[in-house]
Amino acid sequence: MKVLLTGGAGFIGSHIAEELIKEDYEVVILDSLVTGQELNIPAGARFYHIDIRGNLDPIFLAEKPDYVIHQAAQVSVSNSLTHPKLDGESNIIGTINLLNACVRHQTKKFIFASTAALYGNPNYLSIDEEHPVLPKSFYGLSKLNAESYIKLFSELYGLSYTILRYSNVYGMRQDTNGEAGVVAIFIKRAITGQSLNIHGDGFQTRDFVFVKDVAKANAAAILYGENEVINISNNTQTSIKDIVSELNYLLDSEIMPIYGQERKGDIRHSCLSNKKAIKLLKWEPRYSFIDGLRETVASMGQIQLKA
């Protein structure tokens, strides 16, 4: 079976590619390399340097993919607020272009990377898939619109899908330049002995899920979760202070954070229920936060870690 994977040179996509190859899928990667890096592409995957808004028919005709996993996106919340048109073109128009290609070339299933950002400020925790959606950024809004197009394409043309709403993904290869995950930024600063800057009091929480677990969820979605929207998470709240404590333990250091003003619009607490994923995808996270953090730090070179 052949999988066409968009964004496969990126942080999450490259791990999905590795997992698919390990499970004996044939993998074809599409990536514009705007944020992805060609060195992330695993051996054994075929690569096309192309923007998903371009003409995809020649690739679909040549490769005839059975499944499409769509990871390519504009993922910066702050960029979406300053450049909403660019965000919409990437996340909505790009997705529509890919959906059209899937219908024309009779792809069996479309698997989409969505986000917890479309839930907005939670009414309750843990957030399940029935929670109201009220995005607070154009990024969340564009992902929500893409979901709506996927559902209507399914209704009109019979295209099977699974939508995966990720919580906060962390792990190896995550970018630490500009806007990136707090875990990647903190690890880099801790290793280089820089101060850790925290917006607010540090008691705000997020639901961190390790990138290898996310990769396995995508592989599971090829077989399960027909026409479903499913959270992918650890269903665990970890505070920003907890990240600092765990890093200090692993690195046997005493890095003290610097607290600043809370950012306007930041969500105080976020945690996604993963009960539906466990039931329908036959998937559950294998990595605790500390285990994923240990593997991430260890991947950054010759660093002595506490047992």
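Refer to the structure presented above.
A brief report on the enclosed structure follows. (Residues numbered from 1 in each chain as written. Predicted model: local features only at pLDDT ≥ 70, side-chain atom pairs only at ≥ 80, totals over all residues. Heavy atoms only, no water.)

**Observations regarding the pairing of strand S6 (residues 160–166)**
Basically, it comes down to this: Each residue's exposure class comes from its accessible area (1.4 Å probe, protein chains only) as a fraction of the maximum for that residue type: buried when under 20%, exposed when over 50%, partly exposed otherwise. Helix numbers and strand numbers start at the N terminus; a helix is a DSSP run of H or I with at least 4 residues, a strand a run of E with at least 2. Viewed with both strands pointing away, a crossover whose connecting path from the first strand over the helix to the second turns clockwise is right-handed. We call two strands paired when DSSP finds no fewer than two bridges between them.
With 7 of its 7 residues buried, S6 lies for the most part within the structure. Burial along S6 is two-sided: the face carrying Ser160, Thr162, Leu164 and Tyr166 and the face carrying Tyr161, Ile163 and Arg165 are both buried. Once you follow strand S5 (residues 109–115) into helix H5 (residues 138–157) and on to S6, the crossover reads as right-handed. The pairing of S6 with strand S11 (residues 228–232) spans 5 bridges and is classified as parallel. In the sheet register, Thr162 faces S11, and the bridge partner there is Glu228.

**Looking at the nonpolar core**
Note the threshold: Here, nonpolar core refers to any group of buried Ala, Val, Leu, Ile, Met, Phe, Trp, Tyr and Cys residues whose side-chain atoms link them within 4.5 Å.
Leu20, Tyr166, Ile232 and Leu281 are the most contacted members of the largest nonpolar core, which totals 55 residues. Per-element accounting of this core gives the leading share, 8 residues, to helix H7 (residues 211–223). With 21 residues, the next largest nonpolar core counts Leu4, Ile50, Val68 and Phe153 among its residues.

**Quick notes on the packing of helix H6 (residues 182–191) against helix H8 (residues 240–251)**
So the rule is basically this: Note on definitions: angles span 0 to 180 degrees between N-to-C directions of axes, and those axes are lines fitted to C-alpha atoms, for helices only across the stretch in contact. These descriptions rest on fixed angle ranges, namely under 35 degrees for roughly parallel, over 145 for roughly antiparallel, 65 to 115 for roughly perpendicular, and the rest for oblique. The crossing is said to be left-handed when, going from far helix to near helix, the turn is anticlockwise and less than a right angle, and right-handed when the turn is clockwise. Contact between two residues is taken to exist if any of their heavy atoms lie within 4.5 Å; hydrogens are not considered. Three categories are distinguished: nonpolar for Ala, Val, Leu, Ile, Met, Phe, Trp, Tyr, Cys and Pro, charged for Asp, Glu, Lys and Arg, and polar for the others, with Gly belonging to the last.
The geometry of H6 relative to H8 is characterised by a closest axis approach of 11 Å and an angle of 40 degrees between their N-to-C directions. In terms of axis orientation, H6 runs oblique to H8. The handedness of the crossing between H6 and H8 comes out as right-handed. Every residue of H8 that contacts H6 at Val182, Val183, Phe186, Ile187, Ala190 and Ile191 is listed here: Ile240, Ile243, Val244, Leu247 and Leu251. Residue composition of the contact of H6 with H8, by class: 11 nonpolar, no polar and no charged.

**Side note on the pattern of salt bridges**
For clarity, the threshold we go by: We define a salt bridge as a side-chain nitrogen of Lys or Arg found within 4 Å of a carboxyl oxygen belonging to Asp or Glu.
Per the counting criterion, the structure on display carries 17 salt bridges. For Glu18, the salt bridge identified is with Arg173, shortest N-O distance 2.6 Å. Taken as a pair, Glu18 in helix H1 (residues 11–22) and Arg173 in the loop between strand S7 (168–170) and H6 lie far apart in primary sequence, 155 residues in all. Residue Glu18 is classed as partly exposed on the basis of its relative accessible area, which comes to 33%. Notably, a salt bridge pairs Arg53 with Glu89, separated by 3.7 Å at the nearest N-O pair. Here Arg53, found in the loop between strand S3 (46–49) and helix H2 (57–63), pairs with Glu89, found in helix H4 (residues 84–104); they are 36 residues apart in sequence, far enough to count as distant. Linked by salt bridges that have partners in common, Lys2, Glu26, Arg46 and Glu63 make up one network.

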